[in-house]
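Listed below, chain by chain, are the residues.
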2 protein chains.
Amino acid sequence: MGSLGQYQQKHKVTVVGSGNWGTAIAKIVAENTASNPALFEKDVQMWVYEEKVEISKSSKHYDPASPLCQGPQNLTDVINQTHENVKYLEGIALPKNLIANPSLVDAVRDSTILVFNLPHQFIVNICGQIKGKILPYARGVSCIKGVDVNEEGAHLFSETIGKILGIYCGALSGANIATEVGQEKWSESSIGYDPPHFDSKAPTPARSPSGSTENIVHYEHKDVSGQLSKVKLQALPTEYPPVDHAVLKSLFHRPYFHISVVSDVAGVSLGGALKNVVAVAAGWVIGKGWGDNAKAAIMRVGLLEMVKFGERFFGATINTKTFTEESAGVADMITSCSGGRNFRCAKLSVERNQSIEQVEATELNGQSLQGTLTALEVNSFLKKQGLEEEFPLFTAVYRVLQGNMTIDEIPSFIER
Amino acid sequence: MGSLGQYQQKHKVTVVGSGNWGTAIAKIVAENTASNPALFEKDVQMWVYEEKVEISKSSKHYDPASPLCQGPQNLTDVINQTHENVKYLEGIALPKNLIANPSLVDAVRDSTILVFNLPHQFIVNICGQIKGKILPYARGVSCIKGVDVNEEGAHLFSETIGKILGIYCGALSGANIATEVGQEKWSESSIGYDPPHFDSKAPTPARSPSGSTENIVHYEHKDVSGQLSKVKLQALPTEYPPVDHAVLKSLFHRPYFHISVVSDVAGVSLGGALKNVVAVAAGWVIGKGWGDNAKAAIMRVGLLEMVKFGERFFGATINTKTFTEESAGVADMITSCSGGRNFRCAKLSVERNQSIEQVEATELNGQSLQGTLTALEVNSFLKKQGLEEEFPLFTAVYRVLQGNMTIDEIPSFIER
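Conventions used here
Residues numbered from 1 in each chain as written. Chains lettered and ligands numbered in written order. Predicted model: local features only at pLDDT ≥ 70, side-chain atom pairs only at ≥ 80, totals over all residues. Heavy atoms only, no water. Pairing = 2+ DSSP bridges. Helix = DSSP H or I, 4+ residues; strand = E, 2+ residues; numbered from the N terminus. Axes fitted to C-alpha atoms, helices over the stretch in contact; angles between N-to-C directions. Contact = heavy atoms within 4.5 Å. Buried area = accessible area lost by both parts, 1.4 Å probe. Salt bridge = Lys/Arg side-chain N within 4 Å of Asp/Glu carboxyl O. Polar contact = N/O pair within 3.5 Å; in protein donor to acceptor, adjacent residues only side chain to side chain. Nonpolar A, V, L, I, M, F, W, Y, C, P; charged D, E, K, R; others polar. Least-squares fit on C-alpha atoms with pLDDT ≥ 70 in both. Parallel < 35°, antiparallel > 145°, perpendicular 65-115°, else oblique. Domains from an automatic or database assignment. Buried < 20%, exposed > 50% of the residue type's maximum accessible area, 1.4 Å probe, protein only. Arc of directions from axis to C-beta.

Engineer: Looking at this model, I keep getting lost on the sheet that holds strand S1 (residues 11–16) of chain A. Mind explaining?
Structural biologist: Each strand in a sheet pairs with another by means of backbone hydrogen bonds, the pair being arranged parallel or else antiparallel. Residues and elements named next belong to chain A. Pairing is mixed across the open sheet formed by eight strands, whose spatial order is S5-S2-S1-S6-S7-S10-S11-S14. Edge positions in the sheet fall to strand S5 (98–101) and strand S14 (257–262), since each of these pairs with one other strand and no more. Along the sheet, successive strands turn relative to each other by an average axial angle of 25 degrees, direction set aside. As judged from the four bridges shared by strand S2 (residues 40–47) and S5, these two strands associate in the parallel manner. Looking at S5, one finds that tryptophan 47 is bridged to asparagine 101. Sheet strands touched by helix H2 (residues 75–82): S2 and S5. Its angle to S5, the strand with the most contacts, is close to 165 degrees. Running over the sheet, helix H7 (residues 245–252) touches S1, S2, strand S6 (113–116), strand S7 (139–142), strand S10 (168–173), strand S11 (187–192) and S14 and is turned about 160 degrees from S14.

Below, the structure written as structure tokens:
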């Protein structure tokens, strides 16, 4: 790392989002900016959707004499004074250099690295608000799980962010539960990051917040539906350490959070979506009392179909080893089939002889299951392509959800 | 299958071994010989190590008036009259065409397909007893889990059988628990089978129990230690349907037991050994309370090291997809890390703060753990090759077992 001292500028990092997972990731990022002063500015901005919270009497921060405990307070004030996100990551001490900021535009200003970690339905709106108000050469990392699949194809959330903002954006995904990561229980995660190469011989512009017209690459991207899009991308000024795999590892890797950075953004993103469909089937099989071998068979077939889906629809842009070797692939699928909410609700639906929607309604406090939704989306796409038969497990999950197949029929349906 | 009617001879099948797993496999094989009369003789011989058993009063076969219930009886007589292996697969009805035979030599006589399913420590002795007393063109399938690893290399049990008997022998392995297979709970399994090719233009001898000197191939095999051995192999007479992947599938596949036949015997065999080492580490991590993500991380690394071990030591003869796509690979590892005995004993050893040997002594009724033994064997081999560092998880398991590393040190030791 010694040679990094040559750079005149350090990266400023902002985390956009402060829910359970957003806060856990912001904690990691702030720990790492503090311990890598040659690369990063110490303070990390975290954009917080402002809301009123009250510190509960059971909290260690409760002090009847404190102004913070006189009725509802701004969440940002509470975070910045107690260094705890009392609402979304209770009981976890946050680094003091993590600054909660209620202004989205202010939080992202002048940051060279933007970490996106918010519910996927807010991406378009949030990116619209900061478009043109960020550094034109900023780089992004999306921690939003899954992909946006519809009849036309699959779109990566990282690409949606990149297109709206005109920046390059990678993706982070893995076998992680926010609360456990907050508690510093050991886990692993994967980052996919593969920006286009700039010609190193071309002159590089000095730092210019308004954006230079030099050193622009037109970045061509073909999505699943074959649609070609061009993204204009600006080179990072040479005053900054390049945002490469080593720098991202420095920003996200911790002794309790092991990071592997690969180039396969699509693979890293896709695993986090498709594993939920597999987890639904695994839950059914366990609910039926068929045992661990049957569940392992479902997971084996699920992993195969994940690899095949990647190969079929992302072609050469995907590395199928991401599914079999990375935390974002096989490990995340294993965790989701062990105790994730898709697994649990599917299992309960068999045990209680209820529809999965009924279980969802009583067990999830109004939240919705990702696996059933993804099964529908994936099927609408496979059906349009005439490829349902090549993905028997994904198709079986869809048909059982629709009431057109029974769980007992799954083994023979997926038989080789 | 219609064209199979052209063959004048049917295959006679014998199962050597009648324990828990041996009886479950024999049940499957006998069901399939009955339902594929064009390929197989209906009756299946099962060699049973003769012992005396008493039918318990709780058994449905107990009848105080029956001669079978007047004191200890031969196990073979009980099996042949009750069609149940009351000692090793209690409560499971066996097909009437499965014949228990106490004479090893008589059971294997004239059989073209020999299925080996007995504890691995008996292989050499049992094969020695039938050497020269089987059809010289018989083919074998070993259902014995694991491989024989020592300082010099890894040897497949199927190869040991093949060498002693002078026949070709494949291997069956998968995510299977004998009792669940007996109960016809759905699971999957893999068969590795890849005999050398005979020159189809050469004249093929008529059936000759004494063996023809024509149509012999000298089958070269290089094992892990680089040792080259030649096995003489005799072609199956053309009166028989060739023992190919389709015939093996007909013999082992059931609606509740899905078989995939591949060519990779080493991969199918190796997975069943190495997964036990991974299961020990998974048990420790869960015993420590580190949660499902940490366990998934261990399994991810374990799968990677299984693939790497295969690549390093079996080279081109192994297909690494066996580990990531087959029941004998990833699925079997998943099951073993869910509730197998290696996982359970390792977990208990942490929870009780006992050595794994102490847990083994109190929990396993005198049986020994495969995972700890394989960890020692694998390490002696890796150490001699100077390759411990390239297999950090396998090495960590060994060192923790030896008391030279703590479980807490594993995450940083296996860090990428």
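Engineer: Before we go on, may I ask you to explain the sheet that holds strand S1 (residues 11–16) of chain B in this structure?
Structural biologist: Residue and element names in this part refer to chain B. One open sheet holds the eight strands; their spatial order is S5-S2-S1-S6-S7-S10-S11-S14, and the pairing between them is mixed. Taken across any chain shown, the strands that pair with only one partner, and hence form the sheet edges, are strand S5 (98–101) and strand S14 (257–262). Averaged over neighbouring strand pairs, the angle between their axes works out to 25 degrees when direction is ignored. Here S1 runs beside strand S6 (residues 113–116); their pairing, made up of four bridges, is parallel.

Engineer: How should I be thinking about the interface of chain B and chain A in this particular structure?
Structural biologist: In many analyses, interface size is given as the accessible surface area lost on bringing the parts together. Contact residues are listed per partner, giving 42 residues for chain B and 42 residues for chain A. Roughly 3,500 Å² is buried in total at the junction of chain B and chain A, and carbon and sulfur atoms are behind 58% of that figure. In this assembly, chain B and chain A are joined by two salt bridges. The shortest N-O distance in the salt bridge between Arg300(A) and Glu188(B) comes to 2.5 Å. On inspection of chain B and its partner chain A, the count reaches 14 residue pairs in polar contact (both at pLDDT 80 or more). With twelve residues, the top contributor of residues to the side of chain B that touches chain A is helix H9 (residues 291–314) of chain B. Looking at side-chain class alone, the side of chain B that touches chain A contains 17 nonpolar, 15 polar and ten charged residues.

Engineer: Just checking my understanding: could you explain the environment of Ile259(B) for this structure?
Structural biologist: Residues and elements named next belong to chain B. Structurally, the position occupied by isoleucine 259 is in strand S14. Once the C-alpha coordinates of isoleucine 259 and glutamate 188 are considered, the two residues, 71 residues apart in sequence, prove to be 5.9 Å apart. Contacts of isoleucine 259, omitting those with residues within four sequence positions, involve Leu172, Ser189, Ile191, Lys249, Phe252 and His253.

Engineer: Just checking my understanding: could you explain the relation of the copies chain B and chain A for this structure?
Structural biologist: Note: a rotation about an axis with an accompanying shift along it relates these two copies of the chain. Least-squares fitting of chain B to chain A yields an RMSD of 0.0 Å, with the superposition described by an axial translation of 0.0 Å and a rotation of 180 degrees. Interpreted geometrically, this transformation is the action of a two-fold axis. Considering only C-alpha atoms, the part of chain B nearest the rotation axis is Thr324(B), at 3.2 Å. With an isologous cut-off of 70% or more, the 100% of interface residues of chain B that recur at the interface of chain A puts this contact in the isologous class.

Engineer: Sorry, what's going on with the packing of helix H8 (residues 265–287) of chain A against helix H14 (residues 370–385) of chain A here?
Structural biologist: Describing two packed helices takes the angle between their axes plus the distance from one axis to the other. All names here are of chain A. Where H8 contacts H14, the two axes come as close as 8 Å, and the packing angle between them is 110 degrees. The pairing of H8 with H14 is recorded here as roughly perpendicular in orientation. Contacts between H8 and H14 pair Ala273, Leu274, Asn276, Val277 and Val280 from the former with Gln370, Gly371, Thr372, Thr374, Ala375 and Val378 from the latter. In the contact of H8 with H14, the residues fall into six nonpolar, five polar and no charged.

Engineer: Mind showing me how you'd approach the domain arrangement of chain A here?
Structural biologist: Residues and elements named next belong to chain A. Annotation of chain A at the domain level lists domain 1 (11–263) and domain 2 (270–415). Centre-to-centre separation of domain 1 and domain 2, based on C-alpha positions: 29 Å. In this complex, domain 1 contributes 20 residues to the contact, which on the side of domain 2 involves 18 residues. Carbon and sulfur atoms make up 61% of the area that domain 1 and domain 2 hide from each other, which totals about 1,600 Å². For the pair domain 1 and domain 2, the number of links is one salt bridge. Between lysine 145 and aspartate 332 there is a salt bridge, with the nearest N and O atoms lying 2.6 Å from each other. For the side of domain 1 that touches domain 2, the secondary structure elements donating two or more residues are strand S8 (147–150), strand S9 (153–156), S11 and S14. Among the residues forming the side of domain 1 that touches domain 2, the class breakdown is seven nonpolar, nine polar and four charged.

Engineer: Where do I start with helix H2 (residues 75–82) of chain B in this structure?
Structural biologist: Structural remark: α-helix, 3.6 residues per turn; residues separated by three or four positions point the same way. Residues and elements named next belong to chain B. Listed as buried for H2 are Leu75, Thr76, Val78, Ile79 and Thr82. For H2, the arc enclosing every buried residue in end-on projection is 165 degrees, short of the 170-degree limit, so these residues lie on one face. The secondary structure elements touched by the buried residues of H2 are strand S2 (40–47), strand S3 (52–53), strand S4 (73–74) and S5. Two residues or fewer after H2 comes histidine 83, characterised by a positive phi angle close to 55 degrees.

Engineer: Just to check I follow, could you spell out helix H13 (residues 356–363) of chain A for this structure?
Structural biologist: All names here are of chain A. Every buried residue of H13 is accounted for by Ile356, Val359 and Glu360. Taken around the axis of H13, the buried residues stretch over an arc of 105 degrees, which confines them to a single face. Among the exposed residues of H13, those pointing more than 90 degrees away from its buried face are Ala361 and Thr362. Elements in contact with the buried residues of H13: H8, helix H12 (341–351), H14 and helix H15 (392–402). Residue asparagine 365 follows H13 closely and has a positive phi angle near 50 degrees.

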